[in-house]
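Listed below, chain by chain, are the residues.
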Amino acid sequence: MNGIIVINKQEGFTSFDVVAVVRGILREKKIGHSGTLDPMATGVLPILIGRAAKAQSLLPDTDKQYRAGFKLGMTTDTLDITGKVLSESKAACTKEELLKVLPHFRGNIMQVPPMYSAVQKNGVRLYDLARQGIEVEREARSVTVDTLELESFDEETQSGTLTISCSKGTYIRVICDDIGKELSCGCVMTSLVRTKACGYTLDDAVTLKELEQIKNEDRVSEILRPTDSIFTCFDKINVSEKQAVRFSNGGGLMLDRLKALKTKENGRLYRVYGEKEFLGLGVVDLEKNELSVKKKF
């Protein structure tokens, strides 16, 4: 079995938990995932099966979309509702005050990774240090928040929902915490749903329970997406039968003989197809004047 199944991850599961369950349901050994989701988060988690697992290190850096719940008037050590409460006060922010600060967190911004994260410091995961009560300095990182909108806000409960579209590596709970700092009242993330990743949405996803039923009914082919569907952001090129054989054997293709290339920009990736099938990814190498093999599938 080769391809991609989009899972709607349930709360309480790690991404690795999902991989283990899918491996058991499908009886497949080669399985990977497209990006870590915290245990409290739910939503889109593409699972790479068989030869598609080779795509894990080549996934396009596409934007992700989220729906995040938040509550003002509280801070925790994890920056979300699951952590140890550090402070709690009665917030009294208006919707207008909240809307006024949101533009500060749109566009290219700098974020300091939270201590409870998988980021490494001197080879040690930050969350391992945090669990020992150790806090270390972290360098701020540049991330891009394309959209940050207030979907709802209840002034009585001081809680609401944000919709966010952002680059890979953006921490939504840090955005919530920073909003709380800006409003001088604190803020924690109370829920997180990833609504889009790698071009797939919640409409494309099935739960683990649904996958098990689909497997029992022998209908997995109905939800198994082709490997190349995760690379649709790259331009497609069809090659001749002889070129397909050469590419499949690991040989590069002369650029001068690939008239269909839209651009010969060095390092540009292309989806390469034979007469009927997806062969893999090719990369423009101007020094060799060829489309070299980046990865065969």
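The structure presented is a predicted model; accordingly, all values stated were derived computationally and were not measured.

J.: Describe in detail the overall build of the protein, supporting the description with residues and values.
T.: Summing up its helical and strand segments, the protein has six helices and 18 strands in all. Dimensions of the protein along its principal axes, counting C-alpha atoms only, are 70 × 50 × 40 Å. The buried share of the protein, reckoned over its 297 residues, is 48%. Within the protein, residue pairs in contact and separated by at least 24 positions form 66% of the contacts whose partners lie at least 6 positions apart. For the protein, the exposed area adds up to about 15,700 Å²; of that, 45% sits on carbon and sulfur atoms. Across the protein, 43 positive and 41 negative side-chain charges occur, with their mean positions spaced 8 Å apart.

J.: Which residues make up the pattern of salt bridges, and what values do they have?
T.: Under the defined criterion, the tally for this structure stands at twelve salt bridges. Arg 106 is the salt-bridge partner of Glu 149, the closest N and O atoms lying 3.8 Å from each other. Placement of the pair is Glu 149 in strand E10 (residues 141–154) and Arg 106 in the loop between helix H2 (95–101) and strand E7 (107–111), with a sequence separation of 43 residues. The salt bridge partner of Arg 268 is Asp 235, with a shortest N-O separation of 3.0 Å. Pair noted here: Arg 268 is in the loop between strand E15 (253–254) and strand E16 (269–273) and Asp 235 is in strand E14 (residues 235–238), with a separation of 33 residues, a long-range link. Salt bridges here are not isolated pairs; linked through shared partners, they connect Asp 235, Lys 262, Glu 265 and Arg 268.

J.: Before we move on, could you go through a negative patch on the surface and cite the residues and values that matter?
T.: Taken together, the side chains of Glu 96, Glu 97, Asp 154, Glu 155 and Glu 156 make up a negatively charged region of the molecular surface. Mapped onto the fold, Glu 96 is located in helix H2.

J.: Please provide a residue-by-residue account of the packing of helix H1 (residues 15–26) against helix H5 (residues 208–216), values included.
T.: The contact between H1 and H5 brings their axes to 10 Å, and the two run at 10°. By the criterion of interaxial angle, the relationship of H1 to H5 is roughly parallel. Between H1 and H5 lies a crossing of right-handed hand. Contact with H1, carried on its side by Val 18, Val 21, Val 22, Ile 25 and Leu 26, involves Leu 208, Leu 211, Glu 212 and Lys 215 of H5 and no other residues of that element.

J.: Hey, could you go over the packing of aromatic side chains for me, with residue numbers and the actual values?
T.: Throughout the structure, instances matching the rule amount to six aromatic pairs. Ring geometry for Phe 231 against Phe 234: centres 6.0 Å apart, planes inclined by 20°, an arrangement best described as stacked. Given a relative accessible area of 16%, Phe 234 falls into the buried group. Between Phe 278 and Phe 297, the aromatic rings sit 5.6 Å apart at their centres with planes inclined by 20°, giving stacked as the arrangement. One end of the pair, Phe 278, is in strand E17 (residues 278–285); the other, Phe 297, is in the segment after strand E18 (290–296), and 19 residues separate them in sequence. The pair Phe 278 / Phe 297 is uniform in exposure class, with both members buried. Ring-pair connections join several aromatic residues into one group, and the members of that group are Phe 231, Phe 234, Tyr 273, Phe 278 and Phe 297. The aromatic ring of Phe 297 is capped on one face by Lys 54, whose charged end is 5.7 Å from the ring centroid. Above the plane of the ring of Tyr 273 lies Lys 236, whose end atom (NZ or CZ) is 4.6 Å from the centre.

Cut-offs used in this document
- Throughout this document, residue positions are counted from 1 along each chain, in the order its sequence is written.
- Since the coordinates come from a predicted model, pLDDT governs what is reported: local features require at least 70, and pairs of side-chain atoms require 80 or more to be given and counted, while whole-chain, interface and lining totals use all residues.
- No hydrogens and no water enter the side-chain calculation; it runs on all heavy atoms of the structure.
- Put simply, DSSP H or I for four residues or longer makes a helix, DSSP E for two residues or longer makes a strand, and each gets a number counted from the N terminus.
- With a 1.4 Å probe rolled over the protein chains alone, any residue whose accessible area is under 20% of its type maximum counts as buried; one over 50% counts as exposed, and the rest are partly exposed.
- Residue contacts are counted whenever heavy atoms from the two residues lie within 4.5 Å of one another.
- The Shrake-Rupley method, run with a 1.4 Å probe sphere, supplies the accessible areas, and residue values consider only the shown protein chains as cover.
- In this charge count, Lys and Arg are treated as positive and Asp and Glu as negative; neither His nor the chain ends contribute.
- Just so you know, the charge point we use is NZ for Lys, CZ for Arg, CG for Asp and CD for Glu.
- Whenever a carboxyl oxygen of Asp or Glu lies within 4 Å of a side-chain nitrogen of Lys or Arg, that contact is scored as a salt bridge.
- Note on patches: the residues involved have over 30% relative accessible area and no salt bridge, like charges join within 9 Å, and the nonpolar side chains Val, Leu, Ile, Met, Phe, Trp and Tyr join within 5 Å.
- Geometry is summarised by axes, namely lines fitted to C-alpha atoms with helices restricted to the contacting stretch, and by angles between N-to-C directions that run from 0 to 180 degrees.
- Roughly parallel means an angle under 35 degrees; roughly antiparallel means over 145; roughly perpendicular covers 65 to 115; every other angle is labelled oblique.
- Left-handed is the label given to a crossing in which the near helix is rotated counterclockwise from the far helix by less than a right angle, and right-handed is the label when the rotation is clockwise.
- What counts as a ring pair is set by centres within 6.5 Å for rings of Phe, Tyr and Trp (its six-membered ring), and what kind of pair is set by the plane angle: stacked under 30 degrees, edge-to-face over 60, tilted for all other angles.
- Throughout this description, the term charge over a ring refers to an Arg CZ or Lys NZ atom that lies within 6 Å of the ring centre and within 35 degrees of the ring normal.

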